[in-house]
Structures are given as structure tokens and as C-alpha cells.
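Descriptive analysis of the structure
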Amino acid sequence: MKQDKRQAKLDSIASVIANRAIDIELAKSCLNPVPGEGSASAELMIIGEAPGAKEDQLGRPFVGASGKFLDAMLASIGLERQDVFITNIVKFRPPKNRDPSAAEIKACMHILYQEIDALRPKLIVFLGRHAANVFFPNLTIGEAHGEPLMQVIELGPKVRVKQTFLPLYHPAAALYNGSMRKTLFDDFAKIPQILAIINKVKL
Ligand code: URA
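Here we summarise the structure given alongside this text. This is a predicted model, so every value here is computed, not measured.

Parameters at a glance
Residues numbered from 1 in each chain as written. Predicted model: local features only at pLDDT ≥ 70, side-chain atom pairs only at ≥ 80, totals over all residues. Heavy atoms only, no water. Axes fitted to C-alpha atoms, helices over the stretch in contact; angles between N-to-C directions. Helix = DSSP H or I, 4+ residues; strand = E, 2+ residues; numbered from the N terminus. Parallel < 35°, antiparallel > 145°, perpendicular 65-115°, else oblique. Left-handed = near helix turned anticlockwise from the far one by under 90°. Contact = heavy atoms within 4.5 Å. Nonpolar A, V, L, I, M, F, W, Y, C, P; charged D, E, K, R; others polar. Pairing = 2+ DSSP bridges. Salt bridge = Lys/Arg side-chain N within 4 Å of Asp/Glu carboxyl O. Buried < 20%, exposed > 50% of the residue type's maximum accessible area, 1.4 Å probe, protein only. Near = heavy atom within 4 Å. Polar contact = N/O pair within 3.5 Å; in protein donor to acceptor, adjacent residues only side chain to side chain. Areas by Shrake-Rupley, 256 points an atom, 1.4 Å probe, with all protein chains shown as cover. 1 Å grid on protein atoms, 1.4 Å probe; cavity = no way out; pocket = protein on both sides within 12 Å on 5 of 7 lines; lining within 4 Å. Sits in = over half its atoms within 2 Å of the grid points.

**A word on the packing of helix H4 (residues 65-76) against helix H9 (residues 178-188)**
Direction vectors running N to C along H4 and H9 enclose 45°, while the axes themselves pass 9 Å from each other. In terms of their interaxial angle, H4 and H9 are classed as oblique. Crossing of H4 against H9: the hand is right-handed. Contacts from Phe69, Leu70, Ala72, Met73, Leu74 and Ser76 of H4 reach H9 at Arg181, Leu184, Phe185 and Phe188. In terms of residue class, the contact of H4 with H9 is made up of eight nonpolar, one polar and one charged.

Shown next as C-alpha cells:
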């Protein structure tokens, strides 16, 4: 798909989110919906759990303390936010930062699939177990972090793609924990090599 077409698709998905056109209470109760953002030609898609207070205020994903940490990890592999696409499973802040419910996740999944379909990323990075468990329900992040996984996902009727994923700890878990910080940076450092392998296999 051409980049203009991808951008148009992503823009139209973002406007559905901005218009709160998803039938859950969170879509009404949040201050600002938080659509995914980034490059329409990104090879790397990063998926978090749900917006926090700062994201809710600004209507943008990962702009609080976890976002600063994410920016630092991206910089450590020579990337900036505008080189990747950053989104969340749930696009509206759950009150008091509670975990999103199974019903809220389910109600937002078609939007996430549309984002994946528009972007067709080479690699999807999950930040935290909540994001990872949506696709891999039995995964334990302590065991699975930093190791790529593959799964066929169904993005729509008759649209099945083989997708590579990389589960990582959530940056919030590592903010005040030095050894987990190091683990996250070490896991992040594997991304360029994983992308290089994916690109080589697909040549
Ligand atoms: N944590 C998330 O999972 N997503 C955000 O956008 C911010 C913090």
C-alpha cells in the first residue's frame, strides 16, 4: 500500500477514536481520546496498554514519565518517535489508571486491528504483559520478554497475516528499578537485528 493511502487510513481511524465512536463508558468519561500516532511508513509498531493521566490531558500516547523512558529507549537504537507508530490497546483512559476490563479491550480490538492493517508493520513491540496477553493469553512477561514470537493474525475477513511480535516489560515497571531498566534497554537493543532478519527473509 502506498504511503499516502496508509496515511489516509490511519487518519480515518484516528478520527473515529477522536469522535469517541466506540460504545464503552470510557470513551465518554475520558478527557481526551488518545489515537495512535507516528509514521505511516513505520516498520515498527509499539503497543501499550491504555493512556494514563498525562496522555488523557494531551490526547497523545506515551507523553508522561513512561513516554520519556520510551523516547530514551528509541534513541538508544537511533530512532525517534516519528520513525515508529505508537498506540495502545485501549484508546481512552480508564479512571484512576485501573487496568482496562476484558470488555473494554474487546470493544477496542477492531480499531487496533485496523491500525495494524493500515500500517502492516514488520515488527510489533508490546509494552507490558497486558498488551502482550491480548494476543498471547498464556504468556508470562518475565519469561517471554526480549524473545520474538510469531503468530498468524486475522485482520479482517480473509485477511490473515503472519506477524512477528516482541514482548517487553512496560516502561512504568522499570522507572524506579535499575535492573529492570537495564533489561528493557538490552531487550530494545535487539530490535534492529530482528528487523534486519525479517527484512532479509522477506526479500
Ligand atoms: N502507559 C501506556 O500503556 N500507554 C500510554 O500511552 C502511557 C502509559
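**Details of the sheet that holds strand E5 (residues 149-156)**
With mixed pairing, the six strands of this open sheet are ordered in space as E1-E3-E2-E4-E6-E5. The open sheet has two edge strands, strand E1 (37-38) and E5, and neither has a second partner. Relative to strand E4 (residues 123-127), strand E2 (residues 44-48) runs parallel, the two being bridged by four bridges. Looking at the pairing, Ile46 lines up with Val125 of E4.

**Examining the pattern of salt bridges**
Working definition: two side chains of opposite charge can pair if their charged atoms are close together. Tallied over the full model, the rule gives 13 salt bridges. Here Glu104 ties to Arg98 by a salt bridge, and the two come within 2.8 Å at their closest N and O atoms. Judged by relative accessible area, Glu104 falls into the buried class, the value being 9%. One salt bridge connects Lys190 with Glu147, and the closest N-O pair in it is separated by 3.9 Å. Here Lys190, found in the loop between H9 and helix H10 (191-202), pairs with Glu147, found in the loop between helix H7 (141-144) and E5; they are 43 residues apart in sequence, far enough to count as distant. Given a relative accessible area of 30%, Lys190 falls into the partly exposed group. The network of salt bridges with common partners includes Glu37, Arg60, Asp71 and Arg81.

**Regarding the site of the ligand**
The environment of the ligand is formed by Gly48, Glu49, Ala50, Glu55, Pro61, Phe62, Asn88 and His170. Here His170 contributes a side-chain N or O atom positioned 3.0 Å from an oxygen atom of the ligand. Contact with the protein chains hides 92% of the accessible area of the ligand, taken as 230 Å² for the molecule alone. Of all the cavities here, the one that holds the ligand is the largest pocket. Broken down by class, the residue content of the shell around the ligand amounts to three nonpolar, three polar and two charged.

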